[in-house]
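Chain by chain, the residues run as shown.
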Amino acid sequence: MRRRLRRARRRLRTAGVDYFRGGAADWPVLCALALLVPLMILLNIWIPDWAPPTALVLPILAGALLLRPGSLVVLYALAAIGLSAESVIHTGQRVASDNPEAYVYGVTPGAALVVGAAGVGGLLLAQFRARVGVPWWGGSTMLFDLRERLRVQSRVPELPAGWHADMALRPAGGQSFSGDFVVAARTGPGQRLLEVVLADVSGKGMDAGSRALLLSGAFGGLVGSLPAHDFLPAANGYLLRQSWEEGFATAVHLVLDLDTGEYELLSAGHLPGMQRLAGEGRWEVKEAEGPLLGIYDGAKFDGVRGRLNRGDVLMLCTDGMVEAPGRDLSEGMDRLMGEADRLVPGGGPGTGAGAAAALIETVARDINDDRAVLLLWRD
């Protein structure tokens with residue numbers, strides 16, 4: 001008997017785990033919810049003040065979250081039968097009462113409408129879950145995990161002494177996913193090269209978030225696996241193979257030698273980089289040439305070279321940082337460089353901490369566009 005009880009507990013536990021992973025039949029849940037329907041009917045008859053006819057919404061909403069569409073239709077049929085039974089029973093009680101005009105219980109058209117509306121909404125939700133292919137509790141977990149993976153992948157790796165980096169990204173409309181993303185890794189012999197890709201996918205917020213998630217994973221696999229000049233052509237070919245209706249993107253690829261400070265910027269239709277020359281006290285625009293990613297095959301991307309000396313600052317950003325209605329891009333870039341000059345004054349240790357986020361708050365308050373900025377400096 002003990003062995004049988006252990007086996008029964010094991011099977012029940014396994015069935016529960018499989019169900020909550022979305023891989024088991026939902027008939028046990030259907031049976032449990034189906035038992036709630038007659039319970040709600042009995043409560044409505046015995047204590048109608050505490051259990052109105054609209055109480056049937058409870059098993060309907062639970063079924064919308066837990067059942068597949070086919071099982072949900074069965075539950076709805078039981079709820080409809082139960083609502084009809086309540087109406088018949090209360091009608092009989094009203095007729096049998098001494099004062100039918102004083103009898104206030106029963107199924108009103110409004111109650112039936114509320115239950116029916118909850119059923120329609122629940123069926124739409126169940127169909128959406130079935131199309132996505134994950135349980136309701138797993139869908140939010142999956143999205144949270146994807147967002148965290150994107151956030152971790154966007155971190156600039158730890159840099160050697162004397163080098164500093166600060167990056168900030170804000171999605172459009174305060175959403176959780178953005179069409180802008182960063183991929184960074186240390187590559188080369190002894191990991192003495194820093195490669196950073198700042199990309200901007202066409203669209204904004206959630207519309208571009210799914211494509212950004214896919215591209216960030218692909219770009220993360222390409223960075224360091226290919227020579228620097230082969231990265232953007234490979235990324236361009238990858239976008240072309242996706243055949244998206246709105247499938248273009250801009251990107252800037254930075255390859256920085258952490259020993260010498262020499263770097264190369266390669267651009268695919270992206271905003272130019274901006275370097276502050278500490279020795280001269282001015283900003284210099286580093287503009288590389290190249291077409292958008294995903295437009296045509298065989299695109300060529302020409303890089304521009306530079307060197308980060310001590311005290312210099314290199315800034316990369318997306319167009320959400322400088323675009324504004326009625327304002328030229330050059331004006332937006334001038335304002336951005338002026339604010340960066342104030343927030344990263346000397347490039348010393350810790351002087352630029354939080355500067356990227358402060359730049360977004362002061363320069364790009366428009367929350368209707370994705371915004372990203374990356375600062376690299378050397379002391």
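Since the model is a prediction, treat every value here as computed from it, not as a measurement.

## Details of the overall build of the chain
- The helix and strand tally for the chain stands at 10 helices and 10 strands.
- Within the span of the chain, comprising 379 residues, buried residues form 43% of the whole.
- When contacts within the chain are restricted to residue pairs at least 6 apart in sequence, long-range pairs at least 24 apart make up 69% of them.
- Counting every atom, the chain has about 19,500 Å² of accessible surface; 59% of that belongs to carbon and sulfur.

## Section: a nonpolar patch on the surface
- A cluster of nonpolar side chains, contributed by Leu42, Trp46, Ile47 and Trp50, occupies part of the molecular surface with about 550 Å² of accessible area.
- Note that Trp50 resides in the loop between α2 (27–46) and α3 (57–66).

## Section: the packing of α2 against α3
- Between α2 and α3, the least distance of the axes is 9 Å, while the angle of their chain directions is 170 degrees. In terms of their interaxial angle, α2 and α3 are classed as roughly antiparallel. Here Val29, Leu33, Leu36 and Met40 of α2 lie close against α3, whose contacting residues are Leu58, Pro59, Ala62, Gly63 and Leu66.
- Taken together, the residues that form the contact of α2 with α3 break down as 8 nonpolar, 1 polar and no charged.

## Regarding the UniProt feature "transmembrane region" (unreviewed entry) in the chain
- In the UniProt entry, the feature "transmembrane region" (unreviewed entry) is given for residues 27–47, 59–81 and 102–125.
- Secondary structure content for residues 59–81 is 91% helix and 0% strand, and the end C-alpha separation is 14 Å.
- Helix makes up 71% of residues 102–125 and strand makes up 0%, while its end C-alpha atoms are separated by 40 Å.

## Observations regarding unusual backbone geometry
- With a phi close to 55 degrees, Gln191 is a non-glycine residue in the positive phi region.
- Counting through the fold element by element, Gln191 comes out in the loop between β2 (180–187) and β3 (193–201).
- Given a relative accessible area of 46%, Gln191 falls into the partly exposed group.

## Regarding helix α10 (residues 355–363)
- What α10 keeps buried is the set Ala355, Ala356, Leu359, Ile360 and Val363. Axial view of α10: buried residues confined to an arc of 145 degrees, hence all on one face.
- Close packing links the buried residues of α10 with β1 (163–170), β9 (313–317), α9 (329–343) and β10 (371–378).

## As for the sheet that holds strand β5 (residues 262–268)
- Across the sheet, which stays open at both edges, the 5 strands sit in the order β2-β3-β4-β5-β8 with antiparallel pairing between neighbours. Only two strands of the sheet have a single neighbouring strand rather than two, namely β2 and β8 (303–307). Averaged over neighbouring strand pairs, the angle between their axes works out to 15 degrees when direction is ignored.
- When β3 meets strand β4 (residues 249–257), the two strands line up antiparallel, connected through 9 bridges. For Val201, the partnering residue across the bridge sits in β4 and is Ala249.

## With respect to the side chain of Ser71
- Note that Ser71 resides in helix α4 (residues 69–96).
- For Ser71, a relative accessible area of 14% corresponds to the buried category.

## What about the side chain of Asp180?
- Relative to the helices and strands, Asp180 is located in strand β2.
- An unpaired buried charge is present at Asp180: no salt bridge exists, and Arg371, the closest side chain of opposite charge, is 7.2 Å distant.
- At 2.9 Å, the side chain of Asp180 and the side chain of Thr318 are in polar contact.
- At 3.4 Å, the side chain of Asp180 and the backbone nitrogen of Arg371 are in polar contact.
- When residues no more than four places from it in sequence are discounted, the contact partners of Asp180 are Leu169, Ala199, Asp200, Thr318, Asp370, Arg371 and Ala372.

## A word on the sheet that holds β10
- Here 5 strands make up an open sheet; going across it, the order is β1-β10-β9-β6-β7 and the pairing antiparallel. Only two strands of the sheet have a single partner each, and these edge strands are β1 and β7 (282–286). Between one strand axis and the next, the sheet turns by 15 degrees as a mean value, whatever way the strands run.
- Bridging between β1 and β10 involves 8 bridges; their strand directions are antiparallel.

## Focus on the packing of α3 against α4
- Their axes nearest at 10 Å, the elements α3 and α4 cross at an angle of 175 degrees. On the basis of their axis angle, the class for α3 and α4 is roughly antiparallel. Here α3 contributes Pro59, Ile60, Gly63 and Ala64 to the contact with α4, which in turn contributes Leu72, Leu75, Tyr76 and Ala79.
- A per-class count over the contact of α3 with α4 returns 7 nonpolar, 1 polar and no charged.

Reading the values: the criteria
- Residues numbered from 1 in each chain as written.
- Predicted model: local features only at pLDDT ≥ 70, side-chain atom pairs only at ≥ 80, totals over all residues.
- Heavy atoms only, no water.
- Helix = DSSP H or I, 4+ residues; strand = E, 2+ residues; numbered from the N terminus.
- Buried < 20%, exposed > 50% of the residue type's maximum accessible area, 1.4 Å probe, protein only.
- Contact = heavy atoms within 4.5 Å.
- Areas by Shrake-Rupley, 256 points an atom, 1.4 Å probe, with all protein chains shown as cover.
- Patch = residues over 30% accessible without salt bridge, like charges linked within 9 Å, V, L, I, M, F, W, Y side chains within 5 Å.
- Salt bridge = Lys/Arg side-chain N within 4 Å of Asp/Glu carboxyl O.
- Axes fitted to C-alpha atoms, helices over the stretch in contact; angles between N-to-C directions.
- Parallel < 35°, antiparallel > 145°, perpendicular 65-115°, else oblique.
- Nonpolar A, V, L, I, M, F, W, Y, C, P; charged D, E, K, R; others polar.
- UniProt positions renumbered as here; feature names shortened; annotations may be inferred.
- Arc of directions from axis to C-beta.
- Pairing = 2+ DSSP bridges.
- Lys, Arg positive; Asp, Glu negative; His and termini not counted.
- Polar contact = N/O pair within 3.5 Å; in protein donor to acceptor, adjacent residues only side chain to side chain.

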